[in-house]
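Inside the fold
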Amino acid sequence: MRATGTLMAPRGRRPVLLLLRRRLGSWLLGLGGLALAALTWQLLSLALASSIFPTFSAAVADAWSIVTGPVLTADLVPSVLRTAVGFSLSGVAGIIIGLAVGYYRLLRELTSALFDFFRSLPTPLLVPVFIVLFGLGGTMVVAVIVTAAIWPVLINTANGTAGLDPTMLDTARVCGLRGPSLLGRVILPAVSPQIFAGLRVAISVSLAVMVVAEILGGSSGIGYFINNAQQAFQITDSYAGILLLCVLGWLFDSLFLLVERRLLAWQRGTVGGEGDA
Amino acid sequence: MPDLPENAMRSEVAVESENAVRSEDGLPPREDSVLSVRRLAMTLTSRDGVSTEVTADVSLELGRREFVSIVGPSGSGKTTLLRAAAGLRRPTRGEVRFEGQPLADVVPGISVVFQEYNKSLFPWMSIGSNVAMGARRLPKEQRATRVEAALAEVGLTGFASRYPFELSGGMQQRAALARAMVSDPKVLMMDEPFASVDALTRGHLEDVVARLWEHSTCAALLVTHDVGEAVYLSDRVLVLSARPSRVLAEIAVGLPRPRTQRETRQTPRFAELSAEVLDYVEQAGRASGLGSPGAAPAAPG
């Protein structure tokens with residue numbers, strides 16, 4: 001093993017290997033942090049030996065039985081579907097409205113006060129209204145998710161579009177790009193970094209709002225399950241539900257980052273391919 | 001290239017002399033004109049509603065195979081003028097004619113290379129796709145070969161699949177040049193195309209442009225603040241006054257072609273011409289209030 005000069009090596013596979021090792025290292029460290037927190041939980045709950053504080057191992061075992069039992073299709077799957085649908089609707093609507101608002105200055109000025117007003121509305125406040133409108137159940141939850149998760153996407157897309165470089169647009173015009181081809185080949189790719197930043201925020205907002213809506217007015221779902229378990233003093237079930245939510249959030253985010261990294265490779269300068277420049 | 005009607009020939013007036021005499025209402029039309037800017041005035045309005053008259057009265061005729069440069073002090077509306085001449089901005093007064101037709105929008109016969117290559121090349125497209133953007137109006141079956149030829153012309157063979165961030169600034173600007181030339185335009189417009197590269201690359205890029213222009217059939221209109229560059233590349237150099245700008249002077253260069261960095265720039269004639277252009281530029285700069293209080297124009301500030 002040569003240790004010297006590897007960082008400065010201009011060519012060859014060594015820097016790639018180094019990067020891989022560093023990435024693996026930080027991943028392992030992150031895992032270590034998680035393990036440490038779990039261990040602390042375990043020891044603390046053993047020491048306290050309280051009925052309202054189950055051990056980590058008990059919570060994990062319970063979570064496993066949820067995932068493998070009937071609760072999976074009754075609560076977990078509906079929650080995942082609602083979040084996915086709500087997030088997708090927010091994304092599509094947020095991008096379309098954001099592009100329009102960002103591109104046309106008149107529209108931007110017309111809507112800015114209106115959007116600021118709705119954006120600052122606390123979403124749980126809408127649950128009672130939406131229960132009246134949509135009843136208890138999935139539609140209501142999706143509606144609440146959309147009213148909350150659309151904003152980060154919309155605002156980011158609008159800001160990105162409004163801030164497009166005039167030179168870039170002029171270049172596109174000189175090349176004869178207009179209408180749908182201008183949108184698809186220049187505007188959307190140019191704004192995509194901001195769009196993705198907004199979408200990523202929208203994911204965590206969607207999850208949070210889904211749980212709140214299900215707790216306040218659901219007839220099924222993971223939020224409903226956690227709330228029920230807590231009211232029935234099945235504390236281990238509550239903790240297991242919370243654990244499952246964490247895993248869900250992490251899964252959504254990882255999946256998203258995977259897609260983003262692929263689509264925005266040109267931006268990070270990490271295009272995979274024939275090798276080093 | 002049957003994509004545009006031939007220029008409506010004017011036989012009444014033909015101006016053959018290098019230093020065309022300016023009449024009060026712009027220039028007399030020239031027979032071989034491909035682009036003519038007549039009494040153009042541009043007033044820009046900023047976001048907070050303040051409007052500035054950037055260009056007061058500029059006229060120019062660009063011959064079919066001519067290379068014309070526009071120099072002037074900063075803020076003299078060179079970039080604005082170029083964008084209007086390309087059909088990207090509507091003139092406040094006056095008009096632009098391309099091949100005898102009034103220009104209201106961008107047209108296939110005019111290509112533009114902008115100053116900031118990092119903003120004009122699309123970073124999410126490979127170099128090949130970027131160049132192909134300039135070839136969108138060509139028949140589909142021609143595109144691939146034309147893109148390849150254009151890349152070869154600027155010395156970027158083999159870089160088609162690379163992305164802009166993988167290339168140096170000079171290479172990116174050469175790619176932008178390839179994109180401009182791939183459609184075989186009638187007029188190549190350049191807005192300070194070498195402003196953001198180092199001096200060595202700059203000289204090299206100037207020669208790339210000179211060669212591209214010599215090998216093509218197009219006219220070139222170059223906006224620059226570099227006097228030597230203007231003289232080195234051009235047949236004629238137009239000096240703009242400070243804002244609101246007019247044409248302060250027009251200098252015919254007449255240095256023999258092909259020109260080379262090493263020899264042309266060493267000739268006494270080159271030095272003379274550069275000094276002459278520089279004198280006018282400095283005169284314009286002084287009038288803008290940056291130098292001594294001389295014959296300041298009516299504009300305040």
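Procedures and definitions
- Residues numbered from 1 in each chain as written.
- Chains lettered and ligands numbered in written order.
- Predicted model: local features only at pLDDT ≥ 70, side-chain atom pairs only at ≥ 80, totals over all residues.
- Heavy atoms only, no water.
- Helix = DSSP H or I, 4+ residues; strand = E, 2+ residues; numbered from the N terminus.
- Expected span 1.5 Å × (residues − 1).
- Buried < 20%, exposed > 50% of the residue type's maximum accessible area, 1.4 Å probe, protein only.
- Polar contact = N/O pair within 3.5 Å; in protein donor to acceptor, adjacent residues only side chain to side chain.
- Contact = heavy atoms within 4.5 Å.
- Salt bridge = Lys/Arg side-chain N within 4 Å of Asp/Glu carboxyl O.
- Pairing = 2+ DSSP bridges.
- Axes fitted to C-alpha atoms, helices over the stretch in contact; angles between N-to-C directions.
- Parallel < 35°, antiparallel > 145°, perpendicular 65-115°, else oblique.
- Left-handed = near helix turned anticlockwise from the far one by under 90°.
- 1 Å grid on protein atoms, 1.4 Å probe; cavity = no way out; pocket = protein on both sides within 12 Å on 5 of 7 lines; lining within 4 Å.
- Points joined across faces, edges and corners; volume = space filled by probe spheres on them.
- Nonpolar A, V, L, I, M, F, W, Y, C, P; charged D, E, K, R; others polar.
- Patch = residues over 30% accessible without salt bridge, like charges linked within 9 Å, V, L, I, M, F, W, Y side chains within 5 Å.
- Areas by Shrake-Rupley, 256 points an atom, 1.4 Å probe, with all protein chains shown as cover.
- Core = buried A, V, L, I, M, F, W, Y, C linked by side-chain atoms within 4.5 Å.
- Disulfide = S-S within 2.5 Å.

Residues and elements named next belong to chain B. The omega torsion of the bond from R243 to P244 falls at -10°, within 30 degrees of zero and hence cis. Take P244: it is sitting in the loop between β9 (236-240) and β10 (245-252). Cis geometry is adopted by the peptide bond preceding P258, which originates at R257 and carries an omega value of -5°. Tracing the backbone shows P258 in the loop between β10 and α8 (261-264).

Before going further, it helps to examine helix α5 (residues 169-181) of chain B. End to end, α5 of chain B covers 18 Å across 13 residues, agreeing with the expected 18 Å (1.5 Å per residue, within 8%). Here α5 of chain B lies mainly inside the structure; 13 of its 13 residues are buried.

Counting through the fold element by element, Q173 of chain B comes out in helix α5. Here the side chain of Q173 of chain B touches F114 of chain B through a polar contact of 3.2 Å, landing on its backbone oxygen.

This brings us to the interface of chain B and chain A. Many authors give the size of an interface as the accessible area that is lost as the parts come together. Residue-level contacts link 28 residues of chain B with 26 residues of chain A. Taken together, chain B and chain A are joined by four salt bridges. With its nearest N and O atoms 3.4 Å apart, the salt bridge here joins R178 of chain A to D105 of chain B. Our enumeration of links across chain B and chain A arrives at nine residue pairs in polar contact (both at pLDDT 80 or more). For the side of chain B that touches chain A, the secondary-structure elements that each account for two or more residues are β6 (110-113) and α2 (117-120) of chain B. Of all the elements, β6 of chain B adds the most residues to the side of chain B that touches chain A, at three residues.

All names here are of chain B. Burial analysis of β10 places six of its eight residues in the buried class, which makes it a mostly covered element. Across two bridges, the pairing between strand β2 (residues 51-63) and β10 is parallel. Bridging from a neighbouring strand, T55 pairs with S245 of β10. Two elements, β9 and β10, share five bridges in a ladder whose sense is antiparallel. Paired with V239 across the two strands is A249, which belongs to β10. A loop of four residues connects β9 with β10, the two strands running antiparallel in sequence.

Before going further, it helps to spend a moment on the packing of α5 of chain B against helix α6 (residues 199-215) of chain B. The geometry of a pair of packed helices is captured by two quantities: the angle between their axes and the separation between those axes. All names here are of chain B. At their nearest, the axes of α5 and α6 sit 11 Å apart, and the two run at 15° to each other. Classified by the interaxial angle, the pair formed by α5 and α6 is roughly parallel. Crossing angle aside, the handedness with which α5 passes α6 is right-handed. Here α5 contributes G170, Q173, R174, L177 and M181 to the contact with α6, which in turn contributes T201, H204, L205, V208, V209 and L212.

Bringing empty space enclosed by the protein into the picture now. Residues and elements named next belong to chain B. Tallied over the full model, the rule gives two cavities of 30 Å³ or more. Each pocket or cavity is described by its volume, and for the second largest cavity that value is around 30 Å³. Together, A84, G87, R89, R90, P91, V96, L103 and A104 line the second largest cavity. By residue class, the composition of the lining of the second largest cavity is five nonpolar, one polar and two charged.

This paragraph deals with a nonpolar patch on the surface. A contiguous nonpolar surface patch, about 560 Å² in accessible area, is contributed by L24, W27, L28, L31 and L34 of chain A. Along the polypeptide, L28 of chain A turns up in helix α1 (residues 14-48).

All names here are of chain B. Strand order in this open sheet of ten strands is β5-β4-β1-β2-β10-β9-β3-β8-β7-β6, and the pairing throughout is mixed. The sheet terminates laterally at β5 (101-102) and β6, the two strands that pair on one side only. Here β6 runs beside strand β7 (residues 187-191); their pairing, made up of four bridges, is parallel. Paired with V113 across the two strands is M190, which belongs to β7.

Secondary-structure assignment places S238 of chain A in helix α10 (residues 235-263). Beyond its immediate sequence surroundings of up to four residues, S238 of chain A is in contact with I226, A229 and Q230 of chain A.

Time to look at the layout of surface pockets. Residues and elements named next belong to chain A. Taken as a whole, the second largest pocket holds about 710 Å³ of empty space. In terms of lining, the second largest pocket is formed by 25 residues, of which the most central are L34, L243, C246, V247 and W250. Take the lining of the second largest pocket: its biggest share by element is nine residues, from α1.

Right, let's talk about the nonpolar core for a bit. Judged by nonpolar contacts, the single largest core of 51 residues is most densely connected at V186 and M210 of chain A together with F122 and W124 of chain B. Put simply, the parts of the chain that give this core at least two residues each are α2 (56-68), α3 (71-103), α5 (126-134), α6 (138-162), α7 (166-174), α8 (179-217), α9 (222-231) and α10 of chain A. At 15 residues, the largest contribution of residues to this core is made by α8 of chain A. Residues A135, L138, L156 and A175 of chain B belong to the second largest nonpolar core, which totals 50 residues.

According to the stated counting rule, one finds zero disulfides over all chains in the structure shown. Distance from the sulfur of C175 of chain A, which forms no disulfide, to the nearest cysteine sulfur (C218 of chain B) is 16 Å.

Everything listed here is a matter of geometry and, on its own, says nothing about what the molecule does.
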